[in-house]
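Here are the chains, one letter per residue:
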Amino acid sequence: MACWLYEGMLMFGVVFISGYLFSTLTQTRHALDNRHMQQAFLFVVFGIYFTWFWAKGQTLAMKTWHIRVVDRHGAALTQARALLRYTLSWLWFLPPLAVGGLYGLPGGELAVIVIGWVAIWATLSRFHPQRQFLHDALAGTRLVHHKPAEPPKRRKFWHP
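Residues numbered from 1 in each chain as written. Predicted model: local features only at pLDDT ≥ 70, side-chain atom pairs only at ≥ 80, totals over all residues. Heavy atoms only, no water.

Caption draft 1: Broad picture of the overall build of the protein. Helices and strands together make up the secondary structure of the protein, namely seven helices and two strands. Beginning at the N terminus, the succession of helices and strands in the protein can be written as α-α-α-β-α-α-α-α-β. Relative to the globule expectation of 15 Å for 160 residues, the C-alpha radius of gyration of the protein, 20 Å, shows a markedly less compact shape. Projecting the C-alpha coordinates of the protein onto the three principal axes gives extents of approximately 75 × 45 × 30 Å. Here the protein holds 160 residues, and 29% of them are scored as buried. In the protein, the proportion of contacts linking residues at least 24 apart, taken out of those at least 6 apart, comes to 64%. Carbon and sulfur atoms form 69% of the exposed surface of the protein, whose accessible area is close to 11,500 Å². (Helix = DSSP H or I, 4+ residues; strand = E, 2+ residues; numbered from the N terminus. Rg over C-alpha atoms; globule rule 2.2 N^0.38 Å. Buried < 20%, exposed > 50% of the residue type's maximum accessible area, 1.4 Å probe, protein only. Contact = heavy atoms within 4.5 Å. Areas by Shrake-Rupley, 256 points an atom, 1.4 Å probe, with all protein chains shown as cover.)

Shown next, in the form of structure tokens:
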């Protein structure tokens, strides 16, 4: 979960740059103008970001915490499997957001529901035989500990 929180901080930068790009290209002057189009744009940008890095094995946050995403057999993900994992990872947020939209809940209540859902979703991984999140089990992926190899030590030469 610490990696997930770090990833969220990194995504703030991605959202900022993407939002600026979108607003500039569409000449959007007010934050609520083109809101749905901007959300769709960000969905695609996030998809490109995560699919690209997961197919390489790790995002920056995953490198920091020595986590790697692999398929069931321990091999690197294909672009298609990484895209499937990205799509299924929205199960973390879509159900509470759908409920919030359906009932027109205000932001504070929606935040409580989202946080509660994420806590329940994370806790459910404890009951999976390999302790996987449901989206990983459905996508045929898993997270593994990956400590990079130590670089070879250089010999020091002394000059008199």
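This is not the end of the story, as more comes after the structure.
Caption draft 2: Molecular detail of the pattern of salt bridges. Applying the stated rule across the entire model yields one salt bridge. Between Arg 85 and Asp 136 there is a salt bridge whose closest N-O contact spans 2.5 Å. A residue pair is termed long-range when its members are at least 10 positions apart, and Arg 85 in helix H4 (residues 79-89) and Asp 136 in helix H7 (residues 134-139) qualify at 51 residues. An identical accessibility class is assigned to Arg 85 and Asp 136; each is buried. (Salt bridge = Lys/Arg side-chain N within 4 Å of Asp/Glu carboxyl O.)

Caption draft 3: Spotlight on H4. The set of residues buried in H4 consists of Ala 82, Arg 85, Tyr 86, Leu 88 and Ser 89. Packed against the buried residues of H4 are helix H2 (35-56), strand E1 (67-71), H7 and strand E2 (141-145).

Caption draft 4: Structural view of the nonpolar core. Ranked by internal contacts, the top residues of the largest apolar core, which has 14 residues, are Met 11, Val 14, Phe 46, Phe 50 and Trp 54. Contributions of two or more residues to this core are made by helix H1 (2-26), H2, helix H3 (60-64) and H4. For this core, the leading source of residues is H2, giving five residues. The residues contacting Phe 50, other than those within four sequence positions of it, are Glu 7, Met 11, Thr 59 and Tyr 86. Formed by six residues, the second largest nonpolar core is a distinct cluster that contains Trp 92, Val 118, Trp 121 and Phe 133. (Core = buried A, V, L, I, M, F, W, Y, C linked by side-chain atoms within 4.5 Å.)

Function cannot be inferred from these measures alone, as they are strictly geometric.
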